[in-house]
Amino acid sequence: MTKKERIEERTWAIMQEKAAELGLIPVDAEYVRENGQYRLIVTVGKDEGIGINDCEAMSRAIDPILDEEDYIPDVYTLEVTSPGLGRVLRRPRDFVYGLGREVEVHTYRAVNKQKAWTGILTAVTDETVTITTAEGELTLPRTDISLIKLTFDF
């Protein structure tokens, strides 16, 4: 396991517990280096939408634990953020967060003369993604999917 994976895994465990206490949904923990700067990005959501106060509460809840455990060897900045309106689903925990939500799915090649669908994400396996559209249920091989992201209505 790489340093990045260890940091993300430990942060994920911490944020799951604190998110539950705060009524938030843990979405992602990502440790990145950009322009020589390290960032620990913690993403949380809430069914009714997340606000700045939720992000601040999460930051205040996990920051002392990060300091106490001191498992990140680099100087870094902690960022707590929302998943965003058009969040792309990539990793297994992204798909868990997306279950029951409306998604937009694009395929590399046409399936039933279509390359894009919008529907509710109802099931995900290692091999397939299933959505329920206005026309019915559609199961696509994950290898055929070029993009899957959450949708949003204004």
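Use the structure listed above.
What you are looking at is a predicted structure, and each value in this text was computed from that prediction instead of being measured.

Caption draft 1: Up close: the nonpolar core. In terms of nonpolar packing, the biggest core is built from 18 residues, with M15, L40, V42, V44 and M58 touching the most fellow members. Elements with a minimum of two residues in this core: α1 (3-22), β1 (25-34), β2 (37-45) and α2 (52-69). Top element by residues in this core is α1. It accounts for 5 residues. Other than its neighbours up to four places away in sequence, M58 contacts M15, K18, A19, L22, L24, V42, V44 and V80. Formed by 15 residues, the second largest nonpolar core is a distinct cluster that contains V27, V105, L140 and I145.

Caption draft 2: Region of interest: the layout of surface pockets. By volume, the largest pocket is sized at about 290 Å³. As for the largest pocket, its lining consists of 15 residues, and the residues nearest its centre are G84, L85, Y97, R101 and L150. In terms of residue class, the lining of the largest pocket is made up of 5 nonpolar, 5 polar and 5 charged.

Reading guide: rules and limits
Residues numbered from 1 in each chain as written. Predicted model: local features only at pLDDT ≥ 70, side-chain atom pairs only at ≥ 80, totals over all residues. Heavy atoms only, no water. Core = buried A, V, L, I, M, F, W, Y, C linked by side-chain atoms within 4.5 Å. Buried < 20%, exposed > 50% of the residue type's maximum accessible area, 1.4 Å probe, protein only. Helix = DSSP H or I, 4+ residues; strand = E, 2+ residues; numbered from the N terminus. Contact = heavy atoms within 4.5 Å. 1 Å grid on protein atoms, 1.4 Å probe; cavity = no way out; pocket = protein on both sides within 12 Å on 5 of 7 lines; lining within 4 Å. Points joined across faces, edges and corners; volume = space filled by probe spheres on them. Nonpolar A, V, L, I, M, F, W, Y, C, P; charged D, E, K, R; others polar.

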